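Below, each chain spelled out in residue letters.
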Amino acid sequence: MKLIVLTLVLNFVSIKSYVTNTTKSDMETTVFPANKTVYVYMKSSEKPHIPKTFDLNKGHVYIEDVVFSLTNHNWTRDEEPCLNKTLLLLHSLQNFTLWAVWNWDSVSSQPQGLLYGNSYHLGNFDECMNPPWYDDYPDLRSQYCLADVVLEGPDNAVKKRTSYPYDPYQSAFNFLRYKSKFQRTLNELVWGMCIPEVCHPKSVEKLVSVMLTHSHLGAAGMKARINVSECQQKNQGKPYDAVFYSFIATVTILTALCLICTYLNREKKNLEKISLRDNLISAFDMRLNAGELLRCGQHDIQMFYGIKFLTMCFITIGHQNGALNSALVSNALHIDKAALSLLGSIFMHNDLAVDTFFMISGFLFASALSELTRLPNVLLLILRRYIRIIVAYAFVIFFICSIYPYTGSGPLWPRLVSAETGTCRRNWWLNLIMLSNYLDTENMCTVVSWYIPCDFHYFVLTLLLFCIYRRIPSVGRFLFIIITVAAIITPGIINYVYKLQATLMFTYDFLKDPRASKQFHLTYIKSHTRYAAYLVGFLSGWCYTHYTSSQQLKKISLKYAVTGTCIGFLMMGAVLFTGPMFLWRSNDALENAIYAALNRPVWACGLTVVVVCCSLGGITLIKNFLCWYPFVPLSKLTYGLYLVHNFIILRNINIARNPHHYDMAFMLLNAIGTIAEGTFIAFLIWVFIEAPVKNIFKICITCGKREHNKNSHNSQNDANSERGRSPGHFQENLPRGEIEIISSKI
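Now for a description of the structure that goes with this document. Please read these numbers as outputs of a predicted model, since none were measured by experiment.

**Comments concerning the state of the cysteines**
- Applying the stated criterion to the full structure yields 4 disulfides.
- Disulfide partner of Cys424: Cys445, at an S-S distance of 1.9 Å. Across the disulfide from Cys424 to Cys445, rotation about the S-S bond amounts to roughly 85 degrees, and the bridge is consequently right-handed. Of the two residues, Cys424 is situated in helix H16 (residues 413–432) and Cys445 in the loop between H16 and helix H17 (451–471); the sequence distance between them amounts to 21 residues. The burial state of Cys424 is the same as that of Cys445; both residues are buried.
- Along the protein, the cysteines that take part in disulfide bonds pair up as 1-5, 2-4, 3-6, 7-8, counted in sequence order.
- Residue Cys613 stays outside any disulfide, its sulfur separated by 6.9 Å from that of Cys614, the closest cysteine.
- Under the relative-accessibility criterion, Cys613 is labelled buried at 8%.

**Remarks on the pairing of strand S5 (residues 188–196)**
- Of all 9 residues in S5, 8 are buried; the element is thus mostly enclosed.
- One ladder, built from 2 bridges, connects strand S3 (residues 120–121) with S5; its direction is parallel. When the sheet's bridge partners are listed, His121 is paired in S5 with Trp191.

**Thoughts on the side chain of Thr674**
- Here Thr674 is to be found in helix H27 (residues 664–715).
- Assessed through its relative accessible area of 1%, Thr674 is described here as buried.
- In this structure, Thr674 is in contact with Thr316, Gln320, Leu641, His645, Ile648 and Ile649, ignoring residues within four places of it in sequence.

**Notes on the pattern of salt bridges**
- By the definition in use, this model includes 19 salt bridges.
- Here Arg415 makes a salt bridge to Asp148, at a shortest N to O gap of 2.7 Å. Within this pair, whereas Arg415 is found in helix H16, its partner Asp148 is found in strand S4 (residues 142–151), the two being separated by 267 residues in sequence.
- Residue classification places Asp148 among the partly exposed residues on the basis of a relative accessible area of 23%.
- Among the salt bridges present, the one from Lys202 reaches Glu205, with a minimum N-O distance of 3.9 Å. Taken as a pair, Lys202 and Glu205 lie in helix H7 (residues 201–213) at a separation of 3 residues, close to a single helical turn.

**Let's talk about the environment of Met444**
- In this structure, Met444 sits in the loop between H16 and H17.
- Of the residues examined, Met444 reaches a relative accessible area of 1% and is grouped as buried.
- When the C-alpha positions of Met444 and Ala419 are compared, they lie 9.2 Å apart, and in sequence the two are 25 residues distant.

**Examining a nonpolar patch on the surface**
- A contiguous nonpolar surface patch, about 940 Å² in accessible area, is contributed by Ile481, Val485, Ile489, Ile493, Tyr496, Val497, Tyr498, Leu590, Ile594 and Leu598.
- Listed by contribution, the elements that provide at least two residues to the nonpolar patch are helix H18 (473–497) and helix H23 (589–617).
- Looking at the nonpolar patch element by element, the count peaks at 6 residues for H18.

**So, the packing of aromatic side chains**
- The tally for this structure, following the rule as stated, stands at 42 aromatic pairs.
- Relative to Phe363, the ring of Phe304 has its centre 5.3 Å away and its plane inclined at 70 degrees; by these criteria the two rings are edge-to-face. Of the two residues, Phe304 sits in helix H11 (residues 303–325) while Phe363 sits in helix H14 (residues 352–370), which places them 59 residues apart along the sequence. The same class applies to Phe304 as to Phe363, namely buried.

**Re H7**
- For H7, spanning 13 residues, the distance from its first C-alpha to its last is 18 Å, which sits close to the expected 18 Å at 1.5 Å a residue.
- Inspection of H7 places Ser203, Val204, Glu205, Lys206, Leu207, Val208, Val210, Met211 and Leu212 among the buried residues, and these make up the whole buried set.

**Details of the environment of Val632**
- With respect to the helices and strands, the residue Val632 is situated in helix H25 (residues 631–636).
- In this structure, the C-alpha to C-alpha distance between Val632 and Leu293, residues 339 residues apart in sequence, is 7.3 Å.
- In contact with Val632, other than residues within four places in its own chain, are Leu293, Leu294, Arg295, Cys296 and Tyr305.

**Describing the packing of H11 against H23**
- Packing of H11 against H23 brings their axes to within 11 Å, and their N-to-C directions diverge by 145 degrees. Of the two possible hands of crossing, H11 and H23 adopt the one that is right-handed. Mapping the contact onto sequence places Met303, Phe304 and Ile307 in H11 and Val611, Cys614 and Ser615 in H23.
- Of the residues in the contact of H11 with H23, the class split is 5 nonpolar, 1 polar and no charged.

**Quick notes on the nonpolar core**
- Counting residues in hydrophobic clusters, the biggest one holds 130 residues, and the most contacted among them are Phe304, Phe358 and Trp450.
- Not counting the four nearest positions on each side in its chain, Phe304 is found in contact with Met359, Ile360, Phe363, Leu364 and Val611.
- Judged by nonpolar contacts, the second largest core, of 68 residues, contains Trp133, Met193, Met222 and Ile335.

The rules behind the values
Residues numbered from 1 in each chain as written. Predicted model: local features only at pLDDT ≥ 70, side-chain atom pairs only at ≥ 80, totals over all residues. Heavy atoms only, no water. Disulfide = S-S within 2.5 Å. Helix = DSSP H or I, 4+ residues; strand = E, 2+ residues; numbered from the N terminus. Buried < 20%, exposed > 50% of the residue type's maximum accessible area, 1.4 Å probe, protein only. Pairing = 2+ DSSP bridges. Contact = heavy atoms within 4.5 Å. Salt bridge = Lys/Arg side-chain N within 4 Å of Asp/Glu carboxyl O. Patch = residues over 30% accessible without salt bridge, like charges linked within 9 Å, V, L, I, M, F, W, Y side chains within 5 Å. Areas by Shrake-Rupley, 256 points an atom, 1.4 Å probe, with all protein chains shown as cover. Phe/Tyr/Trp six-rings, centres within 6.5 Å; stacked < 30°, edge-to-face > 60°. Expected span 1.5 Å × (residues − 1). Axes fitted to C-alpha atoms, helices over the stretch in contact; angles between N-to-C directions. Left-handed = near helix turned anticlockwise from the far one by under 90°. Nonpolar A, V, L, I, M, F, W, Y, C, P; charged D, E, K, R; others polar. Core = buried A, V, L, I, M, F, W, Y, C linked by side-chain atoms within 4.5 Å.

This is the structure:
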């Protein structure tokens, strides 16, 4: 009996244990073993029984591999403190110590999105530079370094020829070497590193090499050229120098003068001042200076107000688009495809917009000169032109040299300061003597400023040709013809000799560093290669003024006006959209030379036809829009906007911490903000800087004129006045107020 009971109990226990174990096998939480490898089996209902292996301590393995690779590098005695500090950081990271995790968390463990065009992998700049214990624990301080990496591929890389660059079965290295039609390379990247403060750039290069080897890019033995040129430390701020304080003092004095003079002049109703004191007070009156922006010349071609401002907006949008595409962007391949579209072609060849300004400058300058009855005082006219240009120009350069470095921070900020402030501090004097587009152009202060010396050179040369023409007409005509032909063919000859592209396109390689472009220095910024558009405008303005003032041409019939306008737009469109085609089709040097010689004068001719037909043909839709009154003050601020817009764009780009996603709406929104901010700054420059200096210079000329007239009256000697040699006579013969100064400027 006892035996039977014992048997039943044992059977019950066995059945219960089986049921319990079967149930737990599906529901019980798995307890991982102490070793590093864990086997997780699928449920019995699933098929088949294939184990999956997970490495729970992969982070430790990764760090141990990094430590092993670092210790096997060749370290000099000077680099040993960096090695010891880095090894301490890695061991502390294995223990999950806060300071080490904080440091490593601010670094991108490996590049991401490189194949889609994301070239900047910056981590978290602020996390690296601003740890909470920075002041209390000096031995734990870190610095932020940028490493420029060029991937060169393994020695045994297989080159697979394929017409389709996105072949998924080709080697990834083949794709990294692929260069899009937008001229973007994929094998270059910028990697941000947060490393101990004791490390030197050469030591950082070794750490970057080790991390690159342990990333997915090093899986196939990828080789790379690594260069670390600059590191930033929190306590390495730029001190305020004498240039900084001098700018602050200058702005303070000018602002105080304008405010005081505006207050003193607040109740004056008679604007015809008699005393020198009243004139000087009025020169700084902000109310009068701002009101000058609202005045519209009676004889001006009103359409140019709208054309100037809209062209400046187009230039700003183009520069904004180029700056975004060449910097921190996460979807660059999408941008490269969009560059092949119709809209992309416009942005790639939007340098023609500058030729619009050259054409307008020449047109209005010719209109002003054609109404002079006698030869002007050439030296005085050139001096006035120089003063009118240089005031705002010098002020902006002063700002770049003094204040601009303190207006931002970020991973890329030191590079911007070096490229802009550094070059301006070295070569500011070349800009002031109007030779910055010829001397040391590789270190040009403000890249966009090449336009200013070109315009000044054209003003001087054209004025001299005009004076020769008025004294000896036959010689003047001959020189105009010779110089016009030379201006057209010179770009083509230079292009043919140096085997350059048909024209300089705003591709990625150019936008990334314009100063490094060979074509930029040879043909893009030189006065002798951009003169054709100015001459087209000058000759057109001369003919327009001559025929309209002599009543030979008062109006064009609507039929011919519409036809001419369409022809003008076709000429401009043909030049604009055929230029980018030279990037992706086979062409020879002669074709490139012909296009280089003709594209800018043809664009200027097309614009001239549109302006003349709309002005005289009664095409009200276009004419009324471009003559809209708000364009009057806005167009007068385009020069200031041109000077400052690029620095607003560059600042906003280079203070970014991480790449952004690019789309057209994002770009346009940024461009609109830049236009609004730049126009406001241009208004301040005009009211506080440009207008007061211009008024003071005018007062000096007026005083000279009165003194000269007084002496002439007392001596009853009018011979000098008959020959038109006095400064006062020049003032009497200017038909459009300040048109000779304003019109030939943006």
